[in-house]
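Residues per chain, in single letters:
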Amino acid sequence: MSAVPAATELAPTDSRRPGWRAWALLAPMVLWLLAFVVVPTAILLVYSFCERDEVGGVIFTFTWENYHRVFDPVYLRIFVRSVYYAGLTTVICVVLGYPVAYYIARASVERRNQLLLLVMVPFWTSFLIRTYAWITILKQDGLLNGLLLSMNFITEPLGLLYTPTAVVIGLVYAYLPFMILPIYGSAEKLDNSLIEAAHDLGAGPVRAFSSVIVPLTMPGIAAGTLLVFVPAIGMFAITDLMGGAKVPMIGNVIQNQFLQARDWPFGAALGVIFMLMFALTYVILQSRGARHAT
Amino acid sequence: MKAIKTLILTLVASFAATALHAAGELNLFGWSEYVPQDVLEGFTKETGIKVNFETYASNEELLSKLVAGGGNYDLIQPSEYAAELMIRRKMLAPLDKAKLPNLKNLDPELKGQVHDPEDNFTVPYMSGTVGIVVNTEVVKTPIKGYKDVFQAKFKDRLVVLNDNRELVTWALYSLGLPINEINPAALAKARPVVAEWVKLVKVFDSDSPKTALLNGDVDLGIVWSGEAAILWNENKKFQYVLPAEGAHRFIDILAIPANAPHKAEAHAFINYILRPEVSKIVSENFPYTNPNLGARQLLTAEQLANPASYPPAGAKLQTFRDIGKAAADIDKLVTDLKSAQ
């Protein structure tokens, strides 16, 4: 900065502080965040300390009771299971999504756009309809069992639908594009000369992949992980439809509090704890990432 | 899931309807898959009253919305126990019976039920039971009650309603306990029974339990009688059995919320539904037990012979009563047992 000629020394305030124009541009977003993030979160927080009345309304008092209940082993076990399923889904998505994303990113521009379109096409159909399609595939006299039976791979139809396997299949299917797209974003920017340099320095394909390609695409993997893990942990439609609503996930439990059990305060308390956990994980990951960078 | 589908259909339908210059409006809040589109269109065509139709998937959802103060609904469709609670909380408007001459078509047996002893607030829409469906091509042993369904040999061959209170009710029936006295002692007795049962179930589904049976994923189910009736229409191998220990009978009703803005239109709609030829359309689409004796005369012999729609007399049937906060205890019990697997 000291080398800057004196002629460019403008009033320092202008360049640093956002003017009213910047605020005007930001206003829609700020209002949006206020109305749909800050206010609902505040309502959730207030409700979580209230009590349920006879019809399922909310009585405004102050109680810790809902938070006591959240830490009941029943709900903790469900929590752990949800984390496990979401984690498994994320890992499978990385393993399946990484090669796809990498391949797309390395393809020619024209081919790349075609392939990206293929990744997005499923979004043109409603998520629920696609989930029902999976039911048709996995059910006992469904397409998959029919194929395997006719090819004599199996003699008895497999009981796939309404099992944890079906839930994971459904979750991976639903969230795979959210892993592919961010990794593609990172891989596309990957500088080929760095990989060539790695080879020149004697790294084999495995070494070049693990020491050069993976670290450089890490931001994509991290973004994908967040995009897959967070929605997967709260998902309730797939566990209901493909898992037969047999083993509740935390998303089902919360949904149940707001509908069947009509215990909004308890549902709110579960939601608050859920959000705190995410915020905490995120902060930890961020600070670790920051330390890594320095 | 169904609710979402129906909601989309409803939105499309209501956009189409705004094109008409209607004489009035009616905000109907009903069950998903329970009011045929033909009935709504017929009513609008005849009266010029536009129907805005919104749906819910459970009584609890209906109560949640009403308690939260959402929506200006003119007509709702709660089941008897939810109606009982609403009457007690003064959430329903009294009916003007002078505007409902077609009440005469109703089965007197459904009048004066415990939820509304004077019939001042509610009109039965459809009634039904919760019973057992057996795929008799696969299951050869006789199935008479809950204990026959929940046997170890049927593990992973069962579909039951995804409804915590129903599940606990069946357990109470099988123990010979009263189904409407939900207290810690009763729940403690029901707990081990439910714990064994949830391990055997393959699918919990309230929206469309018939799907798992039709797909061949399960062989037995405890489902709404209307679902069983549709299965029987598809294939006679699906037999409906009312559990010997006793069964839950539900009465879905029409009622007007106390703060409804269009009460006159709501009365017009109730009276329209009570016409035999209109009520018959409901039966054709949703084969529950039609409380409208005039409509029953218009049904075919086959429709009346459907054992799920019109079960033989003499079964032990009971309606639900409102249980207040005990609903939360039931929810915790079942969530606990389901997740313990």
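Residues numbered from 1 in each chain as written. Chains lettered and ligands numbered in written order. Predicted model: local features only at pLDDT ≥ 70, side-chain atom pairs only at ≥ 80, totals over all residues. Heavy atoms only, no water.

1. Thoughts on the packing of aromatic side chains
Thinking step 1. Throughout the structure, instances matching the rule amount to 33 aromatic pairs over all chains.
Thinking step 2. Ring centres of Phe258 of chain A and Trp264 of chain A lie 5.7 Å apart, and the angle between their planes is 50 degrees; this geometry places the pair in the tilted category.
Thinking step 3. The class of Phe258 of chain A is partly exposed, set by a relative accessible area of 23%.
Thinking step 4. Judged by centre distance (4.9 Å) and plane angle (65 degrees), the ring pair of Phe29 of chain B and Tyr56 of chain B falls under edge-to-face. Taken together, the positions of Phe29 of chain B in strand β1 (residues 24-31) and Tyr56 of chain B in strand β2 (residues 49-56) put the pair 27 residues apart, joining distant regions of the chain. Across the pair, exposure class does not vary: Phe29 of chain B and Tyr56 of chain B are buried alike.
Thinking step 5. Every member of this aromatic cluster is reached through a ring pair, and the members are Tyr34, Tyr125, Trp224, Phe250, Phe286 and Tyr288 of chain B.
Thinking step 6. If you follow Arg69 of chain A out to its NZ or CZ, it ends over the ring of Phe266 of chain A, 3.8 Å from the centre. (Phe/Tyr/Trp six-rings, centres within 6.5 Å; stacked < 30°, edge-to-face > 60°. Buried < 20%, exposed > 50% of the residue type's maximum accessible area, 1.4 Å probe, protein only. Helix = DSSP H or I, 4+ residues; strand = E, 2+ residues; numbered from the N terminus. Lys NZ or Arg CZ within 6 Å of the ring centre and 35° of its normal.)

2. Some details on unusual backbone geometry
Thinking step 1. Here the phi dihedral of Asn152 of chain A falls at roughly 60 degrees; this positive angle occurs in a residue that is not glycine.
Thinking step 2. Tracing the backbone through its elements, the reader meets Asn152 of chain A in the loop between α7 (143-150) and α8 (164-189).
Thinking step 3. According to the relative accessible area criterion, Asn152 of chain A is exposed, its value standing at 66%.
Thinking step 4. Of note in this structure, Lys90 of chain B is not a glycine but carries a positive phi near 55 degrees.
Thinking step 5. Structurally, Lys90 of chain B is set in the loop between α4 (80-88) and β4 (123-135).

3. Quick word on the domain arrangement of chain B
Residue and element names in this part refer to chain B.
Thinking step 1. Under the domain assignment, chain B is made up of domain 1 (2-127 + 251-305) and domain 2 (128-249 + 311-339).
Thinking step 2. Each of domain 1 and domain 2 has a C-alpha centre, and these two points are 27 Å apart.
Thinking step 3. Each partner contributes to the interface: domain 1 provides 18 residues, whereas domain 2 provides 20 residues.
Thinking step 4. For the pair domain 1 and domain 2, the two sides together bury roughly 1,600 Å², of which 49% comes from carbon and sulfur.
Thinking step 5. Viewed at the interface, domain 2 and domain 1 are joined by four salt bridges.
Thinking step 6. One salt bridge in this structure joins Glu109 and Arg249, with 3.2 Å as the shortest N-O distance. (Domains from an automatic or database assignment. Contact = heavy atoms within 4.5 Å. Buried area = accessible area lost by both parts, 1.4 Å probe. Salt bridge = Lys/Arg side-chain N within 4 Å of Asp/Glu carboxyl O.)

4. Some thoughts on the side chain of Arg52 of chain A
Thinking step 1. Among the structural elements, Arg52 of chain A can be located in strand β1 (residues 51-52).
Thinking step 2. The buried charged residue Arg52 of chain A lacks any salt bridge, with Asp263 of chain A as its nearest oppositely charged partner at 4.8 Å.
Thinking step 3. Here the side chain of Arg52 of chain A touches Arg262 of chain A through a polar contact of 2.9 Å, landing on its backbone oxygen.
Thinking step 4. Excluding residues that lie within four positions of it along the chain, Arg52 of chain A makes contacts with Gly57, Ile59, Ala261, Arg262, Asp263 and Pro265 of chain A together with Gly324, Lys325 and Ala327 of chain B. (Lys, Arg positive; Asp, Glu negative; His and termini not counted. Polar contact = N/O pair within 3.5 Å; in protein donor to acceptor, adjacent residues only side chain to side chain.)

5. Digging into the sheet that holds strand β3 (residues 75-76) of chain B
Residue and element names in this part refer to chain B.
Thinking step 1. In spatial order, the strands read β2-β1-β3; together these three strands make up an open sheet with parallel pairing. If you trace the sheet from one side to the other, it starts and ends with β2 and β3, each paired once.
Thinking step 2. As paired strands, β1 and β3 are joined by two bridges and run parallel to one another. Each residue of the ladder has a partner; that of Phe29, found in β3, is Ile76.
Thinking step 3. Contacts from helix α3 (residues 59-67) reach β1, β2 and β3, with the element oriented near 115 degrees to β2. (Pairing = 2+ DSSP bridges. Axes fitted to C-alpha atoms, helices over the stretch in contact; angles between N-to-C directions.)

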